[in-house]
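Topology and contacts: notes
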Amino acid sequence: MSLTETPILKGQALPERPAIQRFFGSVSVSVAIYLAVIGLIAWGSYTGAQNMGYNWQWYRIPQYLYSFTDDGFQPGELLIGLGATLQLSITAFVLASVLGLLVALLRLSGLVIGSAVAVGFLEFIRNIPLLVLLYLFYYVLGPIFGLDRYTASILTLAVFHSALISEILRAGINAVAQGQWEAAKSIGMTTSQTYRYIILPQSVRFMLPPMTGEVVHLIKSSAIVSVIAVAELTTFGRNIISDTYMSFEIWFTVAIVYMVVTLILSIGVTYLERRYDVDQ
Amino acid sequence: MTQTAPIIDATNLDKFYGDFHALKDVNLTVHQGQKMVICGPSGSGKSTLIRCFNGLEWHNSGKLVIDGIEVHEHAKEIRELRQEVGMVFQQFNLFPHLTVLENLTIGPMKVRRIGQQEAEETARKYLDRVHIPEQANKYPSQLSGGQQQRVAIARSLCMETRIMLFDEPTSALDPEMINEVLDVMVELANTGMTMVVVTHEMGFARKVADTMVFMEDGRIVETSPPDQFFTNPSSERCRIFLDQILEH
């Protein structure tokens, strides 16, 4: 279908789109289709569970999130688990960023050995599954270096994500114009001064969106440490299920808790990005 | 012209980019206080030459001595040298995340370790010199091209440089902004600063230069005083080039 067969003159109205496009393009129809699909999935799951004879007990869920006693607000097991997940993720993220920056700088150093070490590390980490890396840290390095399960989990997550973060940092650093390096050199700055005062502050803008994605990814992948029974959100969810057999309700709840946290994060960073844009 | 030791002394410089021979056996001396204008067609090696003067590029053979320091890739003194030799770029290269004032003070404060107050006083003095004292707290992107280039000049001056290199400082500017930058450069020349300028602004060259250099194909083809250079150039290539750029 071509709109360009007859030239559109200035001031002349565009030809109307075909009726079928107008129908599916309108907001109300889109929303209706969306709701219908969601409803269908929800209804399908519900009737499926009914047919299994599943006994829904949503009313028992809130106590695992929070409760009010005489002492006031009490976090439930799932919220305590969320706290542990966040603590684990934040520690791992800080470590991963430091390690990632080192790897990125090594790769950008221009030294043959430096970039060989960095590339070797990247390829090693990127090409083994996270679960296997966790087993390596816990069952192999753990006994050798005396790592407890919590430390092994943090190191696994940090090392795994440092590889991804180093690539984000490298791309961000490379995105700063070459002229900035030359200007900094020409006023006599050292390489480390140039990074610190000129290059890194400008790369933040380029790094923010992919870094958020990486934090979200890290929080989600931290669930994997439940396989070595580190106390965190997913582990707590599993424990509750083995006590209560409410697997449908608990897994839905756990999923929603992860989703709420990562969504808040994404929205927060979108706001930050706008502020950075205005400053530039 | 004074006959003291030259402040820039290049002997038999050669520079390669892979197979491309960018500088061919270049010999050049610049004395304290001299104003040299280098011109020539694009790709003739003008920019490469002056970028060698503050270690943004390295020559492959020959000898380059600037202010008593022999320049080569592993010279420890290269950072001291860069503090003596200021560079103004075609694309300004201001630091976009810093205000104008911060652009001017970051070098003195971090490289020369001067206190903030003193650095800001110096910065304001040089902003006055380039006629934009009122723009101190703006960001570079809020300024016009001409203003940005004047900030870039002031940024170099804040390092108390003894030599200023200009790499086509007006080529990226809109025509109506060229003069405000050239005026600042003329004033700077009048203070006795040693200047090496790559430019095609022949009006500026006539007004300021005491030596004209014409480069082509990586070689220095002609070096002469401006009156001779513009009226009676000794090489045919130089005459053709001048005809082309002075026609309009």
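Scope of this entry: the structure provided in the associated data block. From a predicted model like this one, the values you see are computed outputs, not experimental measurements.

**Some remarks on unusual backbone geometry**
Residues and elements named next belong to chain B.
- Despite not being glycine, Arg113 has its phi angle at roughly 60°, a positive value.
- Relative to the assigned elements, Arg113 resides in the loop between α3 (100–110) and α4 (116–129).
- What makes Arg113 exposed here is its relative accessible area of 65%.

**Topic: the nonpolar core**
- In terms of nonpolar packing, the biggest core is built from 55 residues, with Ile8, Ile38, Leu49, Phe53, Leu64 and Ile66 of chain B touching the most fellow members.
- Here this core takes six residues from helix α9 (residues 191–221) of chain A, the largest share from any one element.
- Leaving out residues up to four positions away in the same chain, Ile8 of chain B has contacts with Leu28, Thr29, Val30, Phe53, Leu64, Val65, Ile66, Ile163 and Val196 of chain B.
- One finds Leu127, Ala189, Val197 and Ala205 of chain B within the second-largest nonpolar core, a separate group that totals 47 residues.

**Section: the sheet that holds strand β8 (residues 194–198) of chain B**
All names here are of chain B.
- A sheet is described by the order of its strands in space; here six strands give the open sequence β6-β7-β8-β3-β9-β10, paired in mixed fashion. Every interior strand has two partners, whereas the edge strands, β6 (85–88) and β10 (219–224), have only one. Geometrically, the sheet is characterised by an average inter-axis angle of 15° between neighbouring strands, direction not taken into account.
- Pairing geometry for strand β7 (residues 163–167) and β8, over five bridges, is parallel. By the bridge assignment for β8, Asp167 is matched with Val198.
- The sheet contacts of helix α5 (residues 145–158) involve β6 and β7, and relative to β6 the element is tilted by about 170°.

**Examining the environment of Tyr46 of chain A**
All names here are of chain A.
- Assignment of secondary structure puts Tyr46 in helix α2 (residues 27–52).
- A relative accessible area of 44% means that Tyr46 is categorised as partly exposed.
- For the pair Tyr46 and Leu147, spaced 101 residues apart in sequence, the C-alpha separation works out to 44 Å.

**Description of the interface of chain B and chain A**
- Facing 23 residues of chain B, the contacting portion of chain A comprises 18 residues.
- Here chain B packs against chain A, burying approximately 1,800 Å² in sum over the two surfaces, 60% of which is carbon and sulfur.
- Considering only the side of chain B, the residues that lose the most area to chain A are Arg82, Phe95 and His97 of chain B, jointly responsible for 28% of the buried surface there.
- Here chain B and chain A share one salt bridge between them.
- Close ionic contact of Arg51 of chain B with Glu182 of chain A constitutes a salt bridge, the shortest N to O distance being 2.7 Å.
- Taken together, the links from chain B to chain A amount to seven residue pairs in polar contact (both at pLDDT 80 or more).
- Counting only elements with at least two residues in the side of chain B that touches chain A, the list comes to α2 (78–84), β6 and α3 of chain B.
- Here the residues of the side of chain B that touches chain A are counted per class, giving 11 nonpolar, six polar and six charged.

The rules behind these values
- Here the residue index of a chain counts from 1 through its sequence in written order.
- Each chain is given a letter, starting from A, and each ligand a number, starting from 1, according to the order in which they appear as written.
- Only residues with pLDDT of at least 70 get local features here, since the model is predicted, and only at 80 or more are side-chain atom pairs given and counted; chain-wide, interface and lining totals rely on the full set of residues.
- As a rule here, side-chain values come from all non-hydrogen atoms in the structure, and water together with hydrogens is ignored.
- In DSSP terms, a helix is any run of H or I states spanning at least four residues, a strand is any run of E spanning at least two, and both are numbered starting from the N terminus.
- Relative accessibility under 20% of the residue-type maximum defines a buried residue, over 50% an exposed one, and the middle range a partly exposed one, all with a 1.4 Å probe and only protein chains included.
- What makes a nonpolar core is a set of buried Ala, Val, Leu, Ile, Met, Phe, Trp, Tyr and Cys residues whose side-chain atoms join them at distances within 4.5 Å.
- In this description, contact between two residues means that some pair of their heavy atoms is separated by no more than 4.5 Å.
- Being paired, for any two strands, means DSSP has found at least two bridges between them.
- Helix axes are fitted only over the stretch in contact, all axes being lines through C-alpha atoms; the angle between N-to-C directions runs from 0 to 180 degrees.
- Two parts placed together each lose some accessible area under a 1.4 Å probe, and adding up what both lose gives the buried area.
- A carboxyl oxygen of Asp or Glu within 4 Å of a side-chain nitrogen of Lys or Arg is what we treat as a salt bridge.
- Here a polar contact is taken to be a pair of N or O atoms separated by no more than 3.5 Å, where protein atoms must pair a possible hydrogen donor with a possible acceptor and residues adjacent in sequence count only if both atoms sit in side chains.
- Under the scheme applied, nonpolar residues are Ala, Val, Leu, Ile, Met, Phe, Trp, Tyr, Cys and Pro; charged residues are Asp, Glu, Lys and Arg; polar residues are all the others, including Gly.

All quantities given are derived from atomic positions and should not be read as evidence of function.
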